[in-house]
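Structural characterization, general
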Amino acid sequence: MGVNPLELIKEYLPFFASGTLFTILFSFAGIVFGTILGLFVCFGKMIDNKALAAPFVCYITFFRGTPLFVQILIIHFGVVPAIFHQSNGILSGIIALSLNEAAYIAEVFRAGIQSIDEGQTEAARSLGMDKRQAMRYIILPQAVRRVLPPMGNEFISLIKDSSLLAAIAAPELTYWAQAMGAQYAIVWTPYLTISVIYLILTLGMSFIVNRLERRMATK
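Residues numbered from 1 in each chain as written. Predicted model: local features only at pLDDT ≥ 70, side-chain atom pairs only at ≥ 80, totals over all residues. Heavy atoms only, no water.

**Re the packing of aromatic side chains**
Evaluated as defined, the whole model comprises eight aromatic pairs. Taking the centre distance of 4.6 Å and the plane angle of 40° together, the rings of Tyr 59 and Phe 63 count as tilted. Of this pair, Tyr 59 and Phe 63 both sit in helix H2 (residues 50-65), separated by four residues, roughly a single helical turn. A ring pair is formed by Phe 62 and Phe 63, whose centres lie 5.0 Å apart and whose planes are at 90°; its orientation type is edge-to-face. Residue classification places Phe 62 among the partly exposed residues on the basis of a relative accessible area of 40%. Through a chain of ring-to-ring contacts, the aromatic side chains of Tyr 12, Phe 15, Phe 16, Tyr 175 and Trp 176 assemble into a single cluster. (Phe/Tyr/Trp six-rings, centres within 6.5 Å; stacked < 30°, edge-to-face > 60°. Helix = DSSP H or I, 4+ residues; strand = E, 2+ residues; numbered from the N terminus. Buried < 20%, exposed > 50% of the residue type's maximum accessible area, 1.4 Å probe, protein only.)

In structure tokens form, the structure reads like this:
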């Protein structure tokens, strides 16, 4: 006689709740740290000196051109132990998602900045602002408004991509689904359960992003 799926879900509910919180944590940390680093990489790539811009171009090329899963493995089994002398799934997960996301956010911000009419910069310069002041007070605030919706989409992608962290035992949703499946030798119940949770998270975030896009369009 098989085990009641509802009883299994009830048993693992605290773990799925914890996994959901960690999934959100990984995604949020990836966006926050990825945005900070991504802005730095963005401005680095936009440097007029090609030699100085080259490392930033290489960074973006590597992290956009290689699988996130491979990056996670390199960071977890190579980079983190080399620096901290031990592996840590949570730390490795945050670092991997942040570094990967920074490459994409850098390109999002670069596109947003370059979409601002050059006349805005010229007007700022005519008011006595230097290039840095024009970027800080005129260009960047406008670019931020334009990149907010794409940033929301990046967050949605991170929610799904964070499932790859189960491979390094980071305690997010997929990790606990694998634990349930291994304990009871089942497939449908754990993975359908987390599919519903992921769907709720992504649909909820999509709703927020769509509302944001409509509000930005009316301004």
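The rest of the description comes next.
**Brief notes about the UniProt feature "transmembrane region" (unreviewed entry) in the protein chain**
Here, UniProt's "transmembrane region" (unreviewed entry) annotation points to residues 20-44, 56-84 and 185-209. Here residues 20-44 runs as 100% helix and 0% strand, with 35 Å between its end C-alpha atoms. Counted over residues 56-84, helix gives 93% and strand 0%. Its end C-alpha atoms are 25 Å apart. (UniProt positions renumbered as here; feature names shortened; annotations may be inferred.)

**Some thoughts on the packing of helix H1 (residues 5-45) against helix H6 (residues 131-161)**
Running from N to C, H1 and H6 point in directions that differ by 145°, and their axes come no closer than 11 Å. Handedness of the H1/H6 crossing: right-handed. Contacts between H1 and H6 involve Thr 23, Ser 27, Phe 28, Gly 30, Ile 31, Thr 35, Leu 39 and Phe 43 from the first element and Met 135, Leu 140, Met 151, Glu 154, Phe 155, Leu 158 and Ile 159 from the second. (Axes fitted to C-alpha atoms, helices over the stretch in contact; angles between N-to-C directions. Left-handed = near helix turned anticlockwise from the far one by under 90°. Contact = heavy atoms within 4.5 Å.)

**Points about the nonpolar core**
Counting residues in hydrophobic clusters, the biggest one holds 49 residues, and the most contacted among them are Phe 16, Tyr 59, Leu 165 and Leu 173. In terms of residue count, the dominant contributor to this core is helix H4 (residues 89-114) (ten residues). If we ignore the near neighbours within four places in the chain, the residues touching Phe 16 are Leu 173, Trp 176, Ala 177, Met 180, Pro 190, Thr 193, Ile 194 and Ile 197. (Core = buried A, V, L, I, M, F, W, Y, C linked by side-chain atoms within 4.5 Å.)

**Side note on the packing of H4 against H6**
A pair of packed helices can be characterised by two numbers: the angle between their axes and the separation between those axes. In contact at an axis separation of 8 Å, H4 and H6 are set at 135° when each is read in the N-to-C sense. It follows from the interaxial angle that H4 and H6 lie oblique. Of the two possible hands of crossing, H4 and H6 adopt the one that is right-handed. Touching Leu 97, Glu 101, Tyr 104, Ile 105, Val 108, Phe 109, Gly 112 and Ile 113 of H4 are Met 135, Ile 139, Leu 140, Ala 143, Val 144, Val 147, Pro 150, Met 151, Glu 154 and Leu 158, all from H6. Looking at the contact of H4 with H6, its residues break down into 15 nonpolar, one polar and two charged. (Parallel < 35°, antiparallel > 145°, perpendicular 65-115°, else oblique. Nonpolar A, V, L, I, M, F, W, Y, C, P; charged D, E, K, R; others polar.)

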